[in-house]
Amino acid sequence: MAMQTQSNDDGEMSEINVTPLVDVMLVLLVVFMVTAPLLTQVVRVKLPKTEQTEPAPDQHLTVLSVTNTGQALLDERPVPIENLETELKALQAKDPDISLQLQADRAAVFEAVAKVLACAQRSGIGKLSFVTVQE
């Protein structure tokens, strides 16, 4: 009596051969290990130390503020939101390189800030920055 180890040699193999998968993964691992140090090169530079300085004054700067009550102030001058767009267009016509800094109070209603931003956009001012404080 002879023992037979496999009952059917013609049937499909039901096991997954993981050897090629392991080979591919090891090759990828080696490739990443070789290229990773090349991607993280840093040039060490010792920067000089200086004292803090004020930025250069900008002659083309206008401050637009929104108070906590929703009032718009243009260079500390109250302007109704209905007239704000015409005021900004007049400033834009007088100085095409005008830069607008928006200061909105923390408690200001978003609707008032959105209206002021819409007026600034419709007036054609291209340089707008938000002023914030560090907490």
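Everything numeric here is computed off the predicted structure, so don't read it as measured data. Within any chain, residue numbers begin from 1 and follow the written order of that chain's sequence. Local features in this predicted model are restricted to residues of pLDDT 70 or higher, and side-chain atom pairs are both shown and tallied only at a pLDDT of 80 or more, whereas totals for entire chains, interfaces and linings draw on every residue. By convention in this description, side-chain values take in all heavy atoms of the structure and omit both hydrogens and water.

## Looking at the overall build of the chain
Formally: Secondary structure is summarised from DSSP: a helix means a run of H or I of at least four residues, a strand means a run of E of at least two, and numbering begins at the N terminus for each. Residue exposure (1.4 Å probe, protein chains only): buried if accessible area is under 20% of the type maximum, exposed if over 50%, otherwise partly exposed. Contacts are assigned to residue pairs with any non-hydrogen atoms lying within 4.5 Å of each other. Computed with a 1.4 Å probe, the accessible areas rest on the Shrake-Rupley method; for each residue, only the protein chains presented here act as cover.
Per the secondary structure count, the chain includes three helices and five strands. Each helix and strand of the chain, placed in order from N terminus to C terminus, yields the pattern α-β-β-β-α-β-α-β. Taking all 135 residues of the chain together, 19% fall into the buried category. Taking all contacts inside the chain whose residues are at least 6 apart in sequence as the whole, residues at least 24 apart take part in 66%. For the chain, the exposed area adds up to about 11800 Å²; of that, 57% sits on carbon and sulfur atoms.

## Brief notes about the packing of helix H2 (residues 81-94) against helix H3 (residues 110-123)
Applied cut-off: Axes, fitted as lines to C-alpha atoms, cover a helix only where it is in contact. Angles between the N-to-C directions of the axes lie from 0 to 180 degrees. Helix crossings fall into two classes, left-handed where the near helix is turned counterclockwise from the far one by less than a right angle and right-handed where it is turned clockwise. Here the nonpolar group is Ala, Val, Leu, Ile, Met, Phe, Trp, Tyr, Cys and Pro; Asp, Glu, Lys and Arg are the charged ones; every other residue, Gly included, is treated as polar.
Axis separation between H2 and H3 bottoms out at 9 Å; the angle between their running directions is 35 degrees. The handedness of the crossing between H2 and H3 is right-handed. Note on element contacts: H3 touches H2 through Lys 115, Val 116, Cys 119, Ala 120, Arg 122 and Ser 123, opposite Ile 81, Leu 84, Glu 85, Leu 88, Lys 89 and Gln 92. Here the residues of the contact of H2 with H3 are counted per class, giving six nonpolar, two polar and four charged.

## Looking at a nonpolar patch on the surface
How we decide: A patch is a set of surface residues, each over 30% in relative accessible area and not in a salt bridge, joined within 9 Å for like charges and within 5 Å for the nonpolar side chains Val, Leu, Ile, Met, Phe, Trp and Tyr. Within this document, salt bridges are pairs made up of a side-chain nitrogen of Lys or Arg and a carboxyl oxygen of Asp or Glu, the two lying within 4 Å of each other.
Residues Ile 16, Val 18, Leu 21, Val 22, Val 24, Met 25, Leu 26, Leu 28, Leu 29, Phe 32 and Met 33 make up a contiguous nonpolar surface patch of roughly 1100 Å² in combined accessible area. Tracing the sequence through the fold places Met 25 in helix H1 (residues 19-39).

## Quick notes on the pattern of salt bridges
Taken as a whole and assessed by the stated rule, the structure comprises four salt bridges. In this structure, Lys 89 engages Glu 85 in a salt bridge whose closest nitrogen and oxygen atoms are separated by 3.4 Å. A residue pair is termed a helical-turn pair when its members lie 3 or 4 positions apart in one helix, as Lys 89 and Glu 85 do in helix H2 at four residues. One salt bridge in this structure joins Glu 111 and Lys 115, with 3.6 Å as the shortest N-O distance. You can see Glu 111 and its partner Lys 115 sitting in helix H3, four residues apart, about one turn around the helix. A single salt-bridge network, built from bridges that share partners, covers Glu 85, Lys 89 and Arg 122.

## Digging into the nonpolar core
How we decide: Buried residues of nine kinds, namely Ala, Val, Leu, Ile, Met, Phe, Trp, Tyr and Cys, make up a nonpolar core once their side-chain atoms join them within 4.5 Å.
One finds Leu 64, Val 66, Leu 84, Leu 88 and Val 116 to be the most contacted residues of the largest nonpolar core, which totals 18 residues. For this core, the elements supplying multiple residues, two or more each, are strand E1 (61-66), strand E2 (72-74), H2, strand E4 (99-104) and H3. The biggest single contributor to this core is H3, with five residues. If we skip the residues at most four places from it in the chain, Leu 64 touches Leu 73, Leu 74, Leu 84, Leu 100, Gln 101, Leu 102, Gln 103 and Val 116.

The analysis is restricted to geometry; functional conclusions fall outside its scope.
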